[in-house]
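Residue-level listing of the chains:
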Amino acid sequence: MSELTLHRYRRTNQAYTEDLGDGVGLTLMLMPEGAFLMGDGEKQLVRVERFLMGRYPVTQAQWQMVAGYERVDRDLDPNPSRFKGDDRPVEQVSWDDAQEFCLRLSRRTGKGYGLPSEAQWEYGCRAGSETAFCYGDRLEVELANCDGRLGETSDVGSFPANGWGLHDVHGNVWEWCEDDWHDDYRGAPVDGSAWVGSDRKSLKRLLRGGSWNSSPEFCRSSVRFNIARDNRFSTLGFRVSCVLPRILLNSSSP
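Only a predicted model underlies this, so the values are computations on that prediction, with no experimental measurement involved.

(A) Main features of the overall build of the chain. Check the secondary structure of the chain and you find 4 helices and 12 strands. Since a compact globule built from 254 residues should have a radius of gyration of about 18 Å, the 17 Å found for the chain is in line with a globular shape. Along the first, second and third principal axes, the C-alpha set of the chain runs to 45 × 45 × 40 Å. Counting across all 254 residues of the chain, residues that qualify as buried make up 55%. Each charge class in the chain was averaged separately, 31 positive and 38 negative side chains, and the resulting centres sit 1 Å apart.

Structure (structure tokens):
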């Protein structure tokens, strides 16, 4: 089982790096326990336990490493992206492709990797903010890759992090969540877990965050979008979440 390396950044939470091999790491930020109002309009109060969330969307270098791990349920194209670059987010991956990535990573490391729930995603994106974006009520050009200004994806981390150390939560690529699509939050879990049905084969999946081609309006913290699970576009990527490993469960946040 691989070990997580602890780092401390100039903020109130910690970062951990998973060694994927060949000098490629996957950095995760510790999301603190808390509660927040999820959504826009009719909001939902959600309480979230501590968890780890990818500091960046999964990069092409990280994808290529994990695509070389042992197959679990399906084959993975090691180089699916339209816009090439080791440090750019992987794109043109479906929800099922992202699931296979998480399954392979979990098997290799012995940890519980997966896609974040919708609640976890928005909680991490907001980082305690209550404004339209984690930076405020306007998304200035120096804060995100969106609105088609660059015409392509950008290296992850090219724009400032939010208050909990997450980059690219607005723009660059839409990010798959674990949840099935529901039109509103009536009946949704209030504990931060994913909202899934008993038969998931025909249900659409949920996206958050907007992309390089999205107008700022569609990159707001609360915006949600649905799409078929087998779609692969140059606007679609993901970041991972991870169940807090046992060795960290009893550690106190700095």
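(B) View of the packing of aromatic side chains. With the rule as written, the count across this model stands at 7 aromatic pairs. Ring geometry for Phe 101 and Phe 238: centres 5.3 Å apart, planes at 75 degrees, overall edge-to-face. Here the residue Phe 101 occupies a position in helix H2 (residues 95–109), and Phe 238 occupies one in the loop between strand S11 (236–237) and strand S12 (241–242), the gap between them amounting to 137 residues. Overall, the relative accessible area of 0% leaves Phe 101 in the buried class. By relative accessible area, Phe 238 is classed as buried at 1%. Taken together, Phe 36, Tyr 123 and Trp 164 form an aromatic cluster joined through their ring pairs. Across the ring face of Tyr 69, the terminal group of Arg 108 is positioned such that the distance to the ring centre comes to 4.1 Å.

(C) Region of interest: the confidence of the model for the chain. Across the chain, the average pLDDT comes to 92, with 92% of residues at 70 or higher. Note on residues 5–10: pLDDT under 50 across the span, and 16 contacts to partners over four residues away in sequence or across chains.

(D) Examining the side chain of Arg 224 more closely. The residue Arg 224 is located in strand S10 (residues 224–227) in this model. For Arg 224, a relative accessible area of 17% corresponds to the buried category. At 2.9 Å, the side chain of Arg 224 and the backbone oxygen of His 182 are in polar contact. Here Tyr 185 takes part through its side chain, which lies 3.4 Å from a polar atom of the side chain of Arg 224. Residues in contact with Arg 224, not counting those within four places in the same chain, are Glu 118, Trp 181, His 182, Asp 183, Asp 184, Tyr 185, Leu 206, Leu 207 and Arg 208.

(E) Quick peek at unusual backbone geometry. Non-glycine residue Gln 92 carries a positive phi angle of around 60 degrees. Judged by its relative accessible area of 25%, Gln 92 is partly exposed. Residue Asn 172 is not a glycine yet carries a positive backbone phi of 75 degrees. Within the fold, Asn 172 resides in the loop between helix H3 (118–126) and strand S8 (174–180).

Quick notes on the rules
- Residues numbered from 1 in each chain as written.
- Predicted model: local features only at pLDDT ≥ 70, side-chain atom pairs only at ≥ 80, totals over all residues.
- Heavy atoms only, no water.
- Helix = DSSP H or I, 4+ residues; strand = E, 2+ residues; numbered from the N terminus.
- Rg over C-alpha atoms; globule rule 2.2 N^0.38 Å.
- Buried < 20%, exposed > 50% of the residue type's maximum accessible area, 1.4 Å probe, protein only.
- Lys, Arg positive; Asp, Glu negative; His and termini not counted.
- Charge placed at Lys NZ, Arg CZ, Asp CG, Glu CD.
- Phe/Tyr/Trp six-rings, centres within 6.5 Å; stacked < 30°, edge-to-face > 60°.
- Lys NZ or Arg CZ within 6 Å of the ring centre and 35° of its normal.
- pLDDT = per-residue confidence, 0-100.
- Contact = heavy atoms within 4.5 Å.
- Polar contact = N/O pair within 3.5 Å; in protein donor to acceptor, adjacent residues only side chain to side chain.

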